[in-house]
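The chain contents come next:
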Amino acid sequence: MEHGKKKRGPKIQTSTAVGSESDPDANIWSFITSRSTSSWFLCISLFAVLIRLAVALHPYSGAHTPPMFGDYEAQRHWMEITVNLPVKDWYRNSSVNDLGYWGLDYPPLTAYQSYFHGVLLKFFDPASVSLFTSRGYESYIGKLLMRWTVLMSDLMIFFPAVLYFITVYYSGKTTGDRSNMAWHTLMILLNPCIILIDHGHFQYNCISLGLTLAAVAAILSDRDLVGSMLFCLALNHKQMSAYYAPAFFGYLLGKSLRRKNPILEVLKLGFVVLGTFALVWWPYLHSMDASLEVLSRLAPFERGIYEDYVANFWCATSVVVKWKRLFSTQLLKLLSLTATVSACIPSMIQLMWSPTKRGFLQGLLNCSLSFYLFSFQVHEKSILLPFCQQASWLWKNHLSSGG
Amino acid sequence: MEKPPNSSHQIGGGIWWPALVATVVKLLLIPAYRSTDFEVHRNWLAITHSLPLSRWYSDTTSQWTLDYPPFFAYFEKFLSFFASRVDPTMTHLHHGLNYASERTILFQRLSVTLSDSILVYSAYRLTRNINFSSFERFLIWALVIWSPGLFIVDHLHFQYNGFLLGMLLLSISFLEEGKDLVGGFFFAVLLCFKHLFAVAAPVYFVYLFRHYCRGGLVKGFGRLVLIGSVVLVVFAAAYGPFLYYGQMQEVLRRMFPFGRGLCHAYWAPNFWVFYIMLDKFLAFLLVKLGFNIQAPKASFTGGLVGDSSPFAVLPTVTPLITFITVLLAISPCLVKAWRNPQPRMVSKWPFKISFPPPRYTVSFYSLFPLLFEAQEYPIKVVLLLLHAVLMFFGFSSRFPARSATTAGALVKGRDNTSETPAFHIGWFGKSYLFGLLFVEIWGQFLHRMVLVCVAHFWVTSDNRKYETTIRNWFCTLRLDVKQAEIQNYTMGDLVLAKLRALLISILMGAGVFLGTRRGGARVGSIPQHVKYEGVIHGSASSADYRGTITRLLLHVAVRIDFCYVSVPVSETAELG
């Protein structure tokens, strides 16, 4: 895996150099990109799938290491729980659901996804999702099936989302941008972080990232309602997507306020957002307790302000300032909240003040970065969010300055 | 790996990136499935490392005895210097048996990947010489370096074909430049690496004889002596030491074990499949008619066939017969080479040429049984698809590019209106490719289902047995199959393998025949040659020394690699 990761760097650079050459007859790349979008997208997707498959051959993190194994076991355990227990018990600690052992701590959409995949697994390999007995279940076929569920999610959500985003982003531009389009696609699809975390380490970030990307694309093509619905879905798959929320909120609010009928627009958006949330949370809405139970699972404040290896502000400065020792958790929460909000507030104000599409993309990057740097208990994979966004708009800047 | 070329600055950087991308994928494939050939090559490392040269070809510690020509043994010896430093157990003759530590795997895989640099260089060198447009260069590079056949055989299955193929290309590139002596030298070296490449030897011989050894009797004879002595020196360097130790007989017996029979369980889709089917059919017919036919003891699916004739009715095919068939089959090539020895045509002859692209896809498809584990299944499919798509784009843009009427538009299978020889896959090619899809789906899922159902309804006397079979089938469908279970083939599996091979053969045969008709009209190729392709596969494989699936399929792989390399070359030669 390491080799692959290191080698990919120079390849992209050299190929960028090749790709940007003017002669259309120069190389195979130009030939591929001079064709219709579907054909080069097919080529690139096939290659991206190949890389994913090859990475998936390697062991996932935590393989053969009891007692907790790793994220693979967490995902498998969620499938086990969701397949075998009624919806109401998914987030509740009980004799059959020990939340201490990889308790479900993602929003309901993840649980539904686990349920769906769990049903598939149950059909093909019942032993891998049987209650209790399947803990630490590792087998050739089990691993293969799990890898397949990730690949399928990737293919069904992330890839179409990327295609959607790229077509929207480059719509109205001249055909000369075709090569850029293809490179842009390649940059997003071959993003080593996403591939390694999803297909190597084992997670399902492709779903929430894909939904977010689709939401961005929808908003860029002025389908605000669709966009906000997709973003709510992303938010309900991984709460981490909230990193983007200020930008979405600021942009959509700013845009609505500039419409002819601001209150109606805001109401429409609010209705869509609340409706999506209600739909996803439906099984937990019957009582306040049930909802709070789920909510409490989603916010892991007990873990401390930073993990020891996440390269954010708190961890970096802890070399000098021992945050954890100097302040109480309560105070730290407040501190990180203040820092995060103050870091992303300029972007939000800017977006509300003048909601442009370019500003929206930049706002997404700003907000996600400020969350990554300053918020409480950042998971290392969160860097995916700014990274993904960065890839989507920095491309343009790179081109205009570089060539 | 290679120096930047003088001609154009783009190209030097050009070959780097297909090569790098391929290397990345190869490195990622390190933990993938590997066949017994991995152990074979490890054992050879051990043999060459721990035994004196005189015992290399007589050692039988492991069942995977050394059976490649001496240069390959020297190559293993060279590798074993490093191998013993990486992990001493790897090169231990006894302790190393079936040894596969992480370092061993890494070392072996890396050695294959590194040796591929010769292939990269030779592909670069070959395309440097002829007047290719830079796009054609890229296409050839991408197709050579990205060959799914190579990926499957070398980097998953585990063998060292990349650099051997590279050496062949190197030899061809010298011939194209007119440096016949050097080209001949490299080919002789190649023969001492892997005698499989002897299939190209007659063509080489005729070509060199007619092209190099001409210009009067005296000069011609002098050159004949010169090139003969070059070849002799190479062979002496390879076999000399063994001759010195009196090992020649062992070496030859290892290299050509004719006792293993004509075909193997996983039939290479070749001519002899039809022969065997005919035999089975005749035997069946004669038994029905009341004749007393002894069913042969040896079966074609057992792997080791032994001495008894596996044929019930038809005469046994001896190595001599297959040799004669091969010579007959390639004679059109030889005649052509004899009459018109042009350097730029050289790459065509050994490879009988100008197949329509679907042909390659089928050829690679015929390698599929090499990787039968579920984990590698998607990888081989994606590799094949990627290759097919690239090839399709490459060829479809290569031809309309001249007419510019269809440039930029995706050329679908339909005939387009341009007058220039536009690339198109006609209705036949399409049905051919879709037939492939059908064969795969049939082979993977439908076949068992249909067979089992038929068996269930027709043979009601033994219901329980078929119920078990049905349950087994469902188990396979549900991917419950473990590696060990797959090894124990049931009769159904074997029938399946046979049927699949037969279908592929028919598809290939028909495709070659009809494809030639279409393709022949387009680029003016030599259609007769193509028809013999199947025979060549067949006969050469009978001379193959170890009846393993690997050898046969590898054989196909190597030949296919020849074919597709030569196509861009030859077509360019025609058009340019």
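Residues numbered from 1 in each chain as written. Chains lettered and ligands numbered in written order. Predicted model: local features only at pLDDT ≥ 70, side-chain atom pairs only at ≥ 80, totals over all residues.

### Section: the overall build of chain B
- Counting secondary structure elements, chain B contains 24 helices and 0 strands.
- Across the 576 residues of chain B, 47% fall into the buried class.
- The long-range share in chain B, meaning contacts at least 24 apart out of those at least 6 apart in sequence, stands at 74%. (Helix = DSSP H or I, 4+ residues; strand = E, 2+ residues; numbered from the N terminus. Buried ≥ 20, exposed ≤ 12 C-beta atoms within 10 Å, placed from the backbone. Contact = placed C-beta atoms within 7 Å.)

### A short note on the overall build of chain A
- Scanning chain A for helices and strands turns up 18 helices and 0 strands.
- Counting every position in chain A, which comprises 403 residues, the buried fraction comes to 45%.
- Across chain A, every contact between residues at least 6 apart in sequence was considered, and the portion connecting residues at least 24 apart equals 70%.

### Structural notes on unusual backbone geometry
- Of note, the phi angle at Phe202(A) is positive, near 95°, even though the residue is not glycine.
- Relative to the elements of secondary structure, Phe202(A) occurs in helix H8 (residues 192-202).
- Positive phi values are uncommon outside glycine, yet Asn98(B) reaches one of about 55°.
- Examined against the element boundaries, Asn98(B) turns out to sit in the loop between helix H4 (70-86) and helix H5 (102-129).

### Concerning the UniProt feature "transmembrane region" (unreviewed entry) in chain A
All names here are of chain A.
- Within the UniProt annotation, "transmembrane region" (unreviewed entry) is assigned to residues 40-60, 145-169 and 266-284.
- Taken end to end, residues 145-169 has its terminal C-alpha atoms 35 Å apart, with 100% of it in helix and 0% in strand.
- Taken end to end, residues 266-284 has its terminal C-alpha atoms 26 Å apart, with 84% of it in helix and 0% in strand. (UniProt positions renumbered as here; feature names shortened; annotations may be inferred.)

### A closer look at the confidence of the model for chain B
Residue and element names in this part refer to chain B.
- Scored by pLDDT, chain B has a mean of 64; 45% of the residues are at 70 or more.
- When pLDDT is averaged over each element of chain B, H4 comes out on top at 92 and helix H22 (residues 527-531) at the bottom at 27.
- pLDDT under 50 marks residues 1-12. Its contacts with residues more than four places away, or in other chains, come to 16 contacts.
- pLDDT under 50 marks residues 399-424. Its contacts with residues more than four places away, or in other chains, come to 42 contacts.
- Confidence metrics for the complex model read pTM 0.75 and ipTM 0.78. (pLDDT = per-residue confidence, 0-100.)

### Observations concerning the environment of Ser84(B)
Residue and element names in this part refer to chain B.
- Here Ser84 lies in helix H4.
- For Ser84, a count of 17 C-beta atoms within 10 Å corresponds to the partly exposed category.
- Remark: the alpha-carbon pair of Ser84 and Gly215, spanning 131 residues in sequence, is separated by 52 Å.
- Setting aside anything within four residues of it in sequence, one finds Ser84 in contact with His49 and Thr91.

### Digging into the packing of helix H8 (residues 162-177) of chain B against helix H9 (residues 180-191) of chain B
Residues and elements named next belong to chain B.
- Running from N to C, H8 and H9 point in directions that differ by 160°, and their axes come no closer than 7 Å. Accordingly, the angle class assigned to the pair H8 and H9 is roughly antiparallel. The two elements H8 and H9 cross, and the hand of that crossing is left-handed. Note on element contacts: H9 touches H8 through Asp180, Val182, Gly183, Phe186, Phe187, Val189 and Leu190, opposite Leu164, Met167, Leu168, Leu170, Ser171, Phe174 and Leu175.
- Of the residues that constitute the contact of H8 with H9, the class distribution is 11 nonpolar, 2 polar and 1 charged. (Axes fitted to C-alpha atoms, helices over the stretch in contact; angles between N-to-C directions. Parallel < 35°, antiparallel > 145°, perpendicular 65-115°, else oblique. Left-handed = near helix turned anticlockwise from the far one by under 90°. Nonpolar A, V, L, I, M, F, W, Y, C, P; charged D, E, K, R; others polar.)

### Looking at the environment of Trp16(B)
- Along the polypeptide, Trp16(B) turns up in helix H2 (residues 16-28).
- In this structure the C-alpha to C-alpha distance between Trp16(B) and Trp141(B), which are 125 residues apart in sequence, comes to 9.7 Å.

### Observations concerning the environment of Val120(B)
Residue and element names in this part refer to chain B.
- Topologically, Val120 is positioned in helix H5.
- On the basis of neighbour counts, which here come to 24 C-beta atoms within 10 Å, the residue Val120 falls in the buried class.
- Once the C-alpha coordinates of Val120 and Gly166 are considered, the two residues, 46 residues apart in sequence, prove to be 7.2 Å apart.

### Considerations on the packing of helix H3 (residues 37-56) of chain A against helix H6 (residues 140-170) of chain A
Residues and elements named next belong to chain A.
- At a minimum axis distance of 11 Å, the contact between H3 and H6 shows a crossing angle of 150°. When the interaxial angle is binned, H3 and H6 end up roughly antiparallel. The way H3 lies across H6 gives a crossing that is right-handed. Only Arg147, Leu151, Asp154, Phe159, Leu163 and Thr167 of H6 make contact with H3, whose side of the interface consists of Thr37, Phe41, Ser45, Arg52 and Ala56.

### So, the nonpolar core
- Judged by nonpolar contacts, the single largest core of 165 residues is most densely connected at Leu50(A), Ala54(A), Val162(A), Ala123(B) and Ile145(B).
- Here this core takes 14 residues from H3(A), the largest share from any one element.
- The contacts of Ile145(B), once residues within four sequence positions are left out, are Pro18(B), Ala19(B), Ala22(B), Leu119(B), Val120(B) and Ala123(B).
- Ranked by size, the runner-up nonpolar core spans 21 residues in total, among them Tyr91(A), Trp102(A), Tyr106(A) and Leu121(A). (Core = buried A, V, L, I, M, F, W, Y, C linked by C-beta atoms within 7 Å.)

### Details of the confidence of the model for chain A
All names here are of chain A.
- Taken over all residues, the pLDDT of chain A has a mean of 80, while the share at 70 or more is 80%.
- Here helix H1 (residues 2-19) stands out as the least confident element of chain A, with mean pLDDT 36; helix H10 (residues 224-237) is the most confident, with 94.
- Note that residues 1-25 has pLDDT below 50 and, in this model, 45 contacts with residues that lie over four places away or in other chains.
- The model gives residues 397-403 a pLDDT under 50, and that stretch makes 2 contacts with residues more than four places away or in other chains.

### Here we look at helix H7 (residues 148-158) of chain B
- Among the 11 residues in H7(B), 11 count as buried, and that is most of the element.
- Within H7(B), the full set of buried residues consists of Pro148(B), Gly149(B), Leu150(B), Phe151(B), Ile152(B), Val153(B), Asp154(B), His155(B), Leu156(B), His157(B) and Phe158(B).

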